Amino acid sequence: MSLRFIALEGPDGAGKSVQAALLVNALRARGIPLTFTREPGGTRLGEQVREVVLNPGPTPRSGEADALLFHAARAQNVRENIRPALARGELVVTDRFLWSSRAYQGYGSGVPLHLLDALEDLSCGETRPGLAILVDVPIEVGLERRNRGEQAQMTRFEDLSRHDADFHQRVRDGYLEMAAADPDRWLVIDGDRPVDAIAPDVLEAALRFLADSEPNAADLRMSEQTALR
Ligand code: TYD
């Protein structure tokens, strides 16, 4: 049975972080106990890693170094936040998880995927989201949003000298490939729409997933669908 654990994933400028916040608010408003984390972050180590990746030095970091940094933060987040929350019976929602490392460091920067498999085993073990929502946008849209300064939080990791349009295309294609390869886990949502149009789709997917992972699935789904209207 899959864990009550949901990840939002997506390329830069997809609006994923905004959607994660809206989803968390909507679920909390329904009285669903949940823990929200973002990656990298959520722990002291994670926030320190965030500082490191936010402040690149004069030479670009390698994909391998990034993979280790992000997975170090993830290992800590899993142990400090995610597993305890799941053990308390809470839903966990995370803004990015291991698929960000596969998309960015793997597909984007060329770190071999089988090496990332090993890092995932180390950092996450079996603690993996049962639902992964890909907020997908064409790279032109994502990069345009980023360049317009929308969702400024989403752009700060950018190292433009290293992350060119080809990089972002590989990231997006990687996400779509991962989603297509594991359709039971993934839902792809069209992020090239206004925020208010996307949010109900994200919420509905989360509620459906929760209903399916509850013992009294049918009842909960009925009541939640009523609440959605
Ligand atoms: P952030 O400011 O959190 O923005 P977003 O809202 O897009 O998540 O930046 C996260 C950046 O870090 C984003 O460009 C992707 C990158 N990243 C990786 O490259 N690998 C990872 O494992 C994670 C978690 C993030």
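Look a little higher up for the structure.
Please read all numbers here as calculations on a predicted model, not as lab measurements. (Residues numbered from 1 in each chain as written. Predicted model: local features only at pLDDT ≥ 70, side-chain atom pairs only at ≥ 80, totals over all residues. Heavy atoms only, no water.)

Each helix and strand in the protein was counted, giving nine helices and five strands. Reading the protein from its N end, one meets helices and strands in the order β-α-β-α-α-β-α-α-β-α-α-β-α-α. The buried share of the protein, reckoned over its 229 residues, is 50%. For the protein, restricting intrachain contacts to residue pairs at least 6 apart in sequence, the fraction spanning at least 24 positions comes to 80%. (Helix = DSSP H or I, 4+ residues; strand = E, 2+ residues; numbered from the N terminus. Buried < 20%, exposed > 50% of the residue type's maximum accessible area, 1.4 Å probe, protein only. Contact = heavy atoms within 4.5 Å.)

Ordered in space as β2-β3-β1-β4-β5, the five strands form an open sheet in which the pairing is parallel. Only two strands of the sheet have a single partner each, and these edge strands are β2 (34-38) and β5 (186-190). Adjacent strand axes in the sheet meet at a mean angle of 20°, parallel and antiparallel pairs treated alike. Alignment of strand β4 (residues 129-136) against β5, held across five bridges, turns out to be parallel. Bridge pairing in β5 links Asp 136 to Asp 190. The strands that helix α3 (residues 63-87) touches are β1 (3-9), β2 and β3 (91-95); relative to β2, the one it contacts most, it runs at about 160°. (Pairing = 2+ DSSP bridges. Axes fitted to C-alpha atoms, helices over the stretch in contact; angles between N-to-C directions.)

In the structure shown here, the tally under the stated rule is two cavities of 30 Å³ or more. What the second largest cavity holds in volume is close to 30 Å³. For the second largest cavity, the full set of lining residues is Pro 11, Asp 12, Ile 139, Gly 142, Leu 143 and His 168. A total of three residues in the lining of the second largest cavity trace back to one element, the largest contributor, which is helix α6 (residues 139-147). Here the lining of the second largest cavity is composed, by residue class, of three nonpolar, two polar and one charged. (1 Å grid on protein atoms, 1.4 Å probe; cavity = no way out; pocket = protein on both sides within 12 Å on 5 of 7 lines; lining within 4 Å. Points joined across faces, edges and corners; volume = space filled by probe spheres on them. Nonpolar A, V, L, I, M, F, W, Y, C, P; charged D, E, K, R; others polar.)

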